[in-house]
Amino acid sequence: MMRLKDPFTTSFGTMQDKEFYIIEAIDTDGNSGFGESVAFTSPWYSEETVKTNLHVMEDFLIKILQENEVNHPDDVSKLFEPIKRNNMAKSALEGAIWDLYAKRKNISLAAALGGKKKEIDVGISIGIQPTVKDLLNTVEHYIKEGYKRIKIKVKPGWDVDVLRAVREQFPDTPIMADANSAYTLADIEHLKQLDDLNLTMIEQPLGHDDIVDHAKLQAVMKTPICLDESIHSLEDTRKAIQLGSCKIINIKIGRVGGLTEAKRIHDYCLERGIEVWCGGMLEAGVGRSHNIALTTLSGFTLPGDTAGSSRYWEKDIITPEVTVDNGIIKVPNKPGIGYDIDRDALKAFTVSEKVFEF
Ligand code: OSB
Ligand code: MG
């Protein structure tokens, strides 16, 4: 359990404590691969929670891994197919296996995925603030730190006017908004006002499980719609693109069930000229390092939400921590995730541990 430095507020409420599982996959040669579960304690973002992650991992997914042979990390999502959804549970285990695979091959996780970028551009996601003044100060602080784009969480009552104030003070900054599904088609006329603010995109304005209404909204809005919550797989991606529900996709490894599916979605979008970027789930260092590796793929053309460790935590569980210089993260080239686990820090945050034999 780790406590965020500052509480994070979305259209659904405020969170400050992050509970998650760190999965360590150990081979007989002493290599260790690491994965991180990203579900929250309550099911506001998706139906998964920290508790359902544990239930599904230990009662189903780990059994499948114990009973089957894995020759390549791509085998894992195939083996997990009989288990419906529960993508964040699947991703935590698959991520540890991807890291272990890269370490056994003595290559970086980025290279194992086929990523070529040595540096990645990052933006920052700013939660709903107590006042517009607070927001303007926060935005200014992160622009000064060099973040390449600013994402502002919105909800009814904290949207057009607030974004207009930010746009007036920062005319040239790439700005986007994320509604976490706080609106419906009844808000169409209200949302169309965003078209005057030169936003890079509006993320998930409508239902978390919708792609039909988003297509209707995109048809009358100039601002590109980006889907987050609605996309759980390559199949969802194909359908959303076919319907015209979005012009941009936020790829989150946990939401789509792991790196193999994330890469498939990336490849599909790249072929069709759909821009993608890597979202975040307020991850600790292990999850953060997986996001960095994925973002090295060439289709990740827009800055992601993978900010530096210090934006979230007093102390992270990796060493060195993730640092951002002028909005850029230098991708580590050591084997696997490229960061070492800070065992003392990890132990200090650990509440319980379980071991499974293979
Ligand atoms: O919708 O992208 C989101 C955080 C928690 C849950 C959902 C979202 C977010 C963020 C912040 O926007 C991402 C991050 O900084 O890790
Ligand atoms: Mg989002």
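Rules used in this analysis
- Residues numbered from 1 in each chain as written.
- Chains lettered and ligands numbered in written order.
- Predicted model: local features only at pLDDT ≥ 70, side-chain atom pairs only at ≥ 80, totals over all residues.
- Heavy atoms only, no water.
- Donors = N, O, S within 2.8 Å, 3.2 Å for Na, K, Ca; no water.
- Helix = DSSP H or I, 4+ residues; strand = E, 2+ residues; numbered from the N terminus.
- Buried < 20%, exposed > 50% of the residue type's maximum accessible area, 1.4 Å probe, protein only.
- Salt bridge = Lys/Arg side-chain N within 4 Å of Asp/Glu carboxyl O.
- Axes fitted to C-alpha atoms, helices over the stretch in contact; angles between N-to-C directions.
- Parallel < 35°, antiparallel > 145°, perpendicular 65-115°, else oblique.
- Left-handed = near helix turned anticlockwise from the far one by under 90°.
- Contact = heavy atoms within 4.5 Å.
- Nonpolar A, V, L, I, M, F, W, Y, C, P; charged D, E, K, R; others polar.
- Expected span 1.5 Å × (residues − 1).
- Bend = angle between axes of the 7 residues up to and from the residue.

Undergrad: Report on the coordination of the magnesium ion (ligand 2), specifying residues and quantitative values.
TA: Bound to the magnesium ion (ligand 2) are the protein donor atoms Asp178 (OD), Glu203 (OE) and Asp228 (OD), situated 2.1 to 2.3 Å from the metal. Between consecutive donors of the magnesium ion (ligand 2), the numbers of intervening residues give the motif D-x24-E-x24-D. Separated by 50 residues along the polypeptide, Asp178 in strand β8 (residues 175-178) and Asp228 in the loop between β10 (225-227) and α9 (234-243) bring together distant segments of the chain. This pair shows no difference in class: Asp178 is buried, exactly as Asp228 is.

Undergrad: I'd love a proper account of the pattern of salt bridges, names of residues and values included.
TA: If you walk through the whole model with that rule in mind, you get 24 salt bridges. The salt bridge involving Glu235 is made with Arg238; its shortest N-O contact spans 3.0 Å. In this pair, Glu235 and Arg238 are both assigned in helix α9, 3 residues apart and thus about one turn of the helix distant. In this structure Glu235 comes out as partly exposed when scored by relative accessible area, which is 39%. One connected set of salt bridges, linked through shared partners, spans Arg149, Lys151, Lys153, Asp178, Glu203 and Asp305.

Undergrad: If you had to explain the packing of α9 against helix α10 (residues 259-272) to someone new, which residues and values would you point to?
TA: Interaxial distance between α9 and α10 falls to 9 Å at its minimum, and their mutual angle equals 25 degrees. The orientation of α9 relative to α10 falls into the category roughly parallel. Where α9 crosses over α10, the handedness of that crossing is right-handed. For the pair α9 and α10, the contacting residues are Leu234, Thr237, Arg238 and Ile241 in the first and Glu261, Arg264, Ile265, Tyr268 and Cys269 in the second. Per-class residue counts for the contact of α9 with α10 are 5 nonpolar, 1 polar and 3 charged.

Undergrad: Report on helix α1 (residues 50-67), specifying residues and quantitative values.
TA: If you check α1, its first and last C-alpha atoms are 25 Å apart, about what 18 residues at 1.5 Å a residue would give, namely 26 Å. In the structure, α1 departs most strongly from a straight axis at Met57, where the bend amounts to approximately 45 degrees. Contact partners of the buried residues in α1: β3 (22-26), α2 (74-79) and α3 (87-105).

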